[in-house]
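Understanding the architecture of this molecule
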Amino acid sequence: MTISGEFLAFMSLALVAVIGGVLLLNLSKVVHMVVGLVFTFIAIAGIYILLSAEFLAVVQILIYSGAITIIMLFGIMLTRHNDEESDSKGGGWKKVLLFLGVLAFGAAFYIGIYNLDFGTEPAALHEKNTEQLGVALYSDFVIPFELMSVLLLVALVGAIVLSRNDGEKEGDKE
C-alpha cells in the first residue's frame, strides 16, 4: 500500500470527524458539544470533496455546519437549562456496554468490508456531478422532492404558531 496525499487527507479528515463525534458524546456543556458537532460536519464535507462530490460538500457546509448549528445554538440560548453536574451511576456497566458496542461495530465493519463487491461495470465518476444530481432530482424524484418542500413549509408554519401561542400566554399572565 502506498501512502499518497489523498490517503493522508482522508485519514486526517476521518480522524477529525471521529474525534468530533467522541467529543460530542463526552463533553458536559451543550455549547462545547455543538462545537464538536461542527468539527464533525466540516470533516465530512472535506471527505465529500475527496470523493469529488463538490455539491454535497457545499450543501454540507451551508446547511449542516451553518444553518443547523446556528439553530441549535439559538435553541440552547433561548431555553432554560441547569449547568449542574450530575453524578452518573453505573459506571462499570457503562464501560462494559461501550466496549460491547465498539466490538459489535468493529465486527459489522469487518463483515461489511469482507463481503464487499463493487462489481465489474465501470461508472462515470467526476463528470458533471451537480448536473447528474439535478437531473435525477427533478426527473426521477420530483414527487418526493415536492412532498419534502410541503412538509418543511408545514413545519415552519407550525413553529410560528407554537411560538406565537407561547408569547400570548406570557402576555396574559402579566
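Preceding this paragraph is the structure being described.
Quick summary incoming for the structure in this document. (Residues numbered from 1 in each chain as written. Predicted model: local features only at pLDDT ≥ 70, side-chain atom pairs only at ≥ 80, totals over all residues. Heavy atoms only, no water.)

**So, the packing of helix α1 (residues 5-26) against helix α2 (residues 30-50)**
How two helices sit against one another is set out by the angle between their axes and by the gap between those axes. Basically, it comes down to this: Comment: axis = line fitted to C-alpha atoms, over the contacting stretch for helices; angle = value between 0 and 180 degrees taken between N-to-C directions. The helix count covers DSSP runs of H or I at least four residues long, the strand count covers runs of E at least two residues long, and both are numbered beginning at the N terminus. Each angle receives one of four descriptions, namely roughly parallel if under 35 degrees, roughly antiparallel if over 145, roughly perpendicular if within 65 to 115, and oblique otherwise. In this scheme the handedness of a crossing depends on how the near helix is turned from the far one: anticlockwise by less than a right angle means left-handed, clockwise means right-handed. In this analysis, two residues are considered to be in contact whenever any of their non-hydrogen atoms come within 4.5 Å of each other. In this count, Pro and Cys sit with the nonpolar residues alongside Ala, Val, Leu, Ile, Met, Phe, Trp and Tyr, while Asp, Glu, Lys and Arg are called charged and the others, Gly among them, polar.
Their axes nearest at 8 Å, the elements α1 and α2 cross at an angle of 155 degrees. Taken as axis vectors, α1 and α2 run roughly antiparallel relative to one another. As α1 packs across α2, the resulting crossing turns out to be left-handed. Residues Glu6, Ala9, Phe10, Leu13, Ala14, Val16, Ala17, Gly20, Gly21 and Leu24 of α1 form the contact with α2, whose participating residues are Met33, Gly36, Leu37, Phe39, Thr40, Ala43, Gly46, Ile47 and Leu50. Partitioned by chemical class, the residues of the contact of α1 with α2 number 13 nonpolar, 5 polar and 1 charged.

**Some words on the environment of Ala57**
Put simply, the rule reads: Think of it in three bands: with a 1.4 Å probe and only protein chains considered, a residue is buried below 20% of the maximum accessible area for its type, exposed above 50%, and partly exposed in between.
Within the element layout of this structure, Ala57 appears in helix α3 (residues 54-78). When its relative accessible area of 3% is taken as the criterion, Ala57 is described as buried. Taking the C-alpha atoms as reference points, Ala57 and Ala45, 12 residues apart in sequence, are found 4.4 Å from one another. Not counting residues within four places of it along the chain, the set of residues in contact with Ala57 comprises Ala45, Tyr48 and Ile49.

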